[in-house]
Each structure stands twice: as C-alpha cells, then as structure tokens.
Amino acid sequence: MREMQEGAMAEVIGVRFKEVGKIYYFDPKNTKLKTGEKVIVETARGIECGVVALANKNVPDEEIIHPLKPLIRKANDNDLAHIEENKKREKEAFKTCEKKIAEHKLDMNLVDVEYTFDNNKILFYFTADGRVDFRALVKDLASVFRTRIELRQIGVRDEAKMLGGLGVCGRPFCCHSFMGDFQPVSIKMAKEQGLSLSPVKISGTCGRLMCCLKYEQDAYLDLLKHTPKVGAIVKTPDGKGLVVENNLISGKLKVKLDASPADAAPATFSVKEVKILKDGYIKMNKKEIDELKHLEE
C-alpha cells in the first residue's frame, strides 16, 4: 500500500501569471488544454487569469503542493475583454498613484500597477532606497479606488524583470525574456571567469551582477579543471615556464619561459601543448571584493 502511495501520479496543468514567471500546478478537472491557452483559476490572492505553460501531464504526487486548486474554466470572450479593461484601469491607476506619491512627498519610485482579475485588489510595485512609511498613501489610494490596496517594495532586479529592456550584449534582458527565478550571482564567479572586475563590465542595466554569470559558471568551472591558472608552472615544448595569462575560451596560454631573457615577450601555447607541474590559484582580493559587494545584493 505504501509503495502505491509513493508512486501515485496526478494529472495537472502548469499555469503562468506573468510573461516570464513561476509555473504553478492546477487540477484541469478532465479538461484538455493546450500551451498558450488562457484559463481562469483560483489562487491564494483570488480569481486570476493565467496562461497554460504546461499542457495536461501526469506528475508524481510528491511534486504537488496540496490542496491542488482546480481549473474554473477556459477564458472566454468576456474574460478577455475584462482583462483588456483592467489594463486600461492599470494605466490610470499608475498616473493617480504617482500623483499621490508626489503629494505625500515620499521617496519612492512607482514601477508597475496590477489589478487582480476579480478587481478585489490593486497591487502597486515600487522601488526605494530604504524603508518607506506609506500608510497614509494606502489610505488615500483606498479612498480613491474603493478596493483593497497593496504596496509592494521590490528590488532593482525585480524592476528590470518587470520592465524589460536591452542588455549590454544587445539582447533583451535574460530575466525578462526567459529566466524564471533569480539565482545567486557572486564576485567570485566573475573572477573565475577571468572577467575584469570593473562594475561597468560585470553589472547589468539593473546595477547588479549580470545574471548570465550564473548560467555560464558550470562551463567555466569545467574549463578551469583543464586550464593552467595564472601563476601555474608548466612544461612546454620550449621548456619550463610560468603562466602569466590564460584564455579559458580559446584555450590559449601566455607563458614566461625560464630560458628566455627577462625582457622577452611571453610565448603563446595551447592548453594541449603544456603539462602542469604546479598549478596556480585564483587570488581573491578582499578589499576588491568588499568594494564590489553591493553588486551582489
């Protein structure tokens, strides 16, 4: 009996409520749905309209957070019209909130406004350098909109994810186009990838470390296993020498040969041409890291 319970499966659909957001499981109630279809479901914050990101599939029962909320219905023409009406209301609510923020002289930057599908709540997303006492603002907004008001302070990464834009690579922000949840990114990663620790070169438009450092990290760690680090002593076809520069991507090394004159330029070799006699190590300058720590926040 226990083995049957452990192997139990349940049919679910995966629904996403933001363009690039977390996927939540719902009970399809025997309704077959396709990816991209809009559905009406009940969530913790009320009735919402989402997009099917995962069509009907069976998943192990242990992967489900119970109780599994059921599908209410496929979104119909009235639902879609209501969503469009809410978008218009959100634009007006944005203007109103900005005006009220100025009246209350609050040091905060409004980022986005979102109506819940059932109009029982309006969410206002904002950024600020510190804590903001917005109690008077909430009361003022509640008197204008006659519904529940929620103000949520978000970070600069979340702001970039919501608004979108182009990164330094010329492509749309990773966080806005395909990344679900943010992953921790560190100065150590930038160092291990051989990047200049200039804030301009390793931070994104949001002013924090670029997210791509994280999903490229495994590849760089694998390359580091086979590439002599700066400071390594290696044996080359031209004799023993010290690695003064390496390029993890190209696999090229610059080696200061012991037999060369002191003022001679380093010789270039490929990783396959050398043998490591004593590897170097990646130096982490504490002062440098402390100065750049704010990029990790």
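Please read all numbers here as calculations on a predicted model, not as lab measurements. In every chain, residue numbers begin from 1 and rise along the written sequence. Reporting in this predicted model follows two pLDDT cut-offs: at least 70 for local features of residues, and 80 or more for side-chain atom pairs to be given and counted; totals over whole chains, interfaces and linings ignore these cut-offs and use all residues. Excluded from the side-chain calculation are hydrogens and water; included are all heavy atoms of the structure.

## Side note on the sheet that holds strand S6 (residues 109-115)
Where strands meet in a sheet, backbone hydrogen bonds hold them as pairs that are either parallel or antiparallel. Put simply, the rule reads: Should DSSP find at least two bridges between two strands, the strands are regarded as paired. Numbering of helices and strands runs from the N terminus; a helix is a DSSP stretch of H or I covering at least four residues, while a strand is a stretch of E covering at least two. Axis definition: a line fitted to C-alpha atoms, over the contacting stretch in the case of helices. Angles run 0 to 180 degrees between N-to-C directions. What makes two residues a contact is simply this: any of their non-hydrogen atoms within 4.5 Å.
Read across the open sheet, the three strands follow the order S6-S7-S8; overall the sheet is mixed. Of all strands in the sheet, those with a lone pairing partner are S6 and strand S8 (148-153), marking the two edges. Between one strand axis and the next, the sheet turns by 20 degrees as a mean value, whatever way the strands run. Note that S6 and strand S7 (residues 121-127) share six bridges and pair antiparallel. In the sheet register, Asp112 faces S7, and the bridge partner there is Tyr125. Along the sheet face, helix H2 (residues 77-103) touches S6 and S7 and points at about 145 degrees away from the line of S6. Contacting S6 and S7, helix H4 (residues 156-163) runs over the sheet at an angle of about 55 degrees to S6.

## A word on the sheet that holds strand S1 (residues 9-16)
Taken in spatial order, the five strands of this open sheet run S2-S1-S4-S3-S5, and their pairing is antiparallel. Each of the sheet's edge strands pairs with one partner strand only, and the pair in question is strand S2 (23-26) and strand S5 (71-74). Across the sheet, the mean angle from the axis of one strand to that of its neighbour is 45 degrees, orientation sign disregarded. Relative to S5, strand S3 (residues 38-43) is paired through three bridges, and the arrangement is antiparallel. Across the sheet, Val39 pairs through a bridge with Lys74, a residue of S5.

## Some words on the nonpolar core
We apply this condition: Here, nonpolar core refers to any group of buried Ala, Val, Leu, Ile, Met, Phe, Trp, Tyr and Cys residues whose side-chain atoms link them within 4.5 Å. Under the scheme applied here, a residue whose accessible area is under 20% of the maximum for its type counts as buried, over 50% as exposed, and between as partly exposed, the area being computed with a 1.4 Å probe on protein chains only.
Grouped together as the largest cluster of nonpolar side chains are 16 residues, with contacts concentrated most on Ile101, Met108, Phe124, Leu137, Leu141 and Leu151. Contributing elements (two or more residues each) for this core: H2, S6, S7, helix H3 (135-145) and S8. Here Leu151 is in contact with Met108, Phe124, Phe126, Phe134, Leu137, Val138 and Leu141, once residues within four sequence places are set aside. Listed in part, the 13 residues of the second largest apolar core include Ile202, Leu209, Ile289 and Leu292.

## Things to note about a nonpolar patch on the surface
To keep things clear, this is the line we draw: Here the term patch refers to residues with relative accessible area over 30% and no salt bridge, with like charges joined within 9 Å and nonpolar side chains (Val, Leu, Ile, Met, Phe, Trp, Tyr) within 5 Å. To be clear on the numbers: accessible area is Shrake-Rupley with a 1.4 Å probe, and residue cover counts the displayed protein chains and nothing else. Salt bridge, as applied in this entry: a Lys or Arg side-chain nitrogen positioned within 4 Å of an Asp or Glu carboxyl oxygen.
Judged by side-chain polarity, Ile233, Leu242, Val244 and Leu277 come together as a nonpolar surface patch covering roughly 290 Å² of accessible area. On the secondary structure map, Leu277 appears in strand S13 (residues 275-278).

## Observations concerning unusual backbone geometry
The backbone phi angle of Asn30 is positive, close to 65 degrees, even though this residue is not glycine. With respect to the helices and strands, the residue Asn30 is situated in the loop between S2 and S3. Taking relative accessible area as the criterion, Asn30 reaches 73% and is therefore assigned exposed. Even without being a glycine, Arg146 presents a positive backbone phi close to 55 degrees. Its location among the elements puts Arg146 in the loop between H3 and S8.

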